[in-house]
Amino acid sequence: MTALAMRGCARAVPRQRLMHLMRIVLAGLPLLLLWPAARHLIEARMSWHMLAEFPLLLAAGWAAQRLASDSRWWQRTGTWARQLDWHGWSTATYCALVSIVWMVPSALDMALIDGRIALLKVLSLWLAGWLLAGGVARMPAEVLMFLAGNLSWMMATAGLLYVEAPMQLCVNYGQDDQVHTGYGLVAWALVIGAIAIRQLLRWSRSADQPEPADGAAKRPRIH
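Predicted model, so just to flag it, every value in this text is computed and none were measured. (Residues numbered from 1 in each chain as written. Predicted model: local features only at pLDDT ≥ 70, side-chain atom pairs only at ≥ 80, totals over all residues. Heavy atoms only, no water.)

Caption draft 1: Main features of the confidence of the model for the protein. Summarising the model, the protein shows a mean pLDDT of 80, and 80% of its residues fall at 70 or more. Across residues 1-6, confidence stays below pLDDT 50; counting only partners more than four residues off in sequence or on other chains, it has zero contacts. Note on residues 214-223: pLDDT under 50 across the span, and 18 contacts to partners over four residues away in sequence or across chains. (pLDDT = per-residue confidence, 0-100. Contact = heavy atoms within 4.5 Å.)

Here you go:
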């Protein structure tokens, strides 16, 4: 038994180191946008700009929050931050607003020609990922469905608008690229909706199970 336990610990340590390394890499991804060639390559196409860069910025914020959660600084300020995000409502509202802004074609154009707007885009999406990393765990089913439903609806609506618009909506991107981006947004909307429904079904099955003998309340968890 001791040998098996030691073997299990030996496997867990490299896995934890790998996860830590992956979080460091993800958290540092926004630094690539400081390299003009890399930024031009990513933002040269509307599809890469919205469907790849935006999710990567969210992932970078998420990874940075996970890295900071082990620090003493975050342990001191985390309680204060949680009080401002009661049941994840602040996180859900902020993320919904940020999504609305950066799906507007004129905002996307401004981010290409104005460095200040580009910086605002990076910081706002990165902060959304940071807030989601801690806020999702605080969200009850109703708030999570509100967030997922709004994101899915907005992405699908914007995607269909991009596909069906008779002319290009962005000055810096062609109509063909706009159509491809529209289909990609609809695909992202379906993915988010499917994940939300899967989580809701998990919560439903968990709620149907009998409570523990000690009477402790069971709280759904995000997987």
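Caption draft 2: Up close: the packing of aromatic side chains. In this structure the tally under the stated criterion is two aromatic pairs. Judged by centre distance (5.3 Å) and plane angle (55°), the ring pair of Trp 89 and Phe 146 falls under tilted. Highlighted residues: Trp 89 in helix 5 (residues 89-102) and Phe 146 in helix 8 (residues 141-164), separated in sequence by 57 residues. (Phe/Tyr/Trp six-rings, centres within 6.5 Å; stacked < 30°, edge-to-face > 60°. Helix = DSSP H or I, 4+ residues; strand = E, 2+ residues; numbered from the N terminus.)

Caption draft 3: Main features of the environment of Leu 58. Mapped onto the elements, Leu 58 comes out in helix 3 (residues 46-68). For Leu 58, the residues in contact, after removing those within four places along its chain, are Leu 125, Ala 128 and Gly 129.

Caption draft 4: Geometry of the side chain of Glu 43. Residue position: Glu 43 is located in helix 2 (residues 36-43). Among the polar contacts listed, one links the side chain of Glu 43 to the side chain of Lys 121, at a separation of 2.9 Å. Here Glu 43 is in contact with Leu 33, His 49, Glu 53, Leu 112, Lys 121 and Tyr 173, once residues within four sequence places are set aside. (Polar contact = N/O pair within 3.5 Å; in protein donor to acceptor, adjacent residues only side chain to side chain.)

Caption draft 5: Quick look at the pattern of salt bridges. Inspection of the entire model under this criterion finds five salt bridges. With its nearest N and O atoms 3.0 Å apart, the salt bridge here joins Arg 39 to Glu 43. Of this pair, Arg 39 and Glu 43 both sit in helix 2, four residues apart, roughly one helical turn. Residue classification places Arg 39 among the partly exposed residues on the basis of a relative accessible area of 25%. Look at Glu 43 and you get buried, because its relative accessible area is 6%. Between Asp 114 and Arg 116 there is a salt bridge, and its shortest N-O distance comes to 3.2 Å. Of the residues examined, Asp 114 reaches a relative accessible area of 17% and is grouped as buried. Classification of Arg 116 by relative accessible area gives exposed; the value is 67%. (Salt bridge = Lys/Arg side-chain N within 4 Å of Asp/Glu carboxyl O. Buried < 20%, exposed > 50% of the residue type's maximum accessible area, 1.4 Å probe, protein only.)

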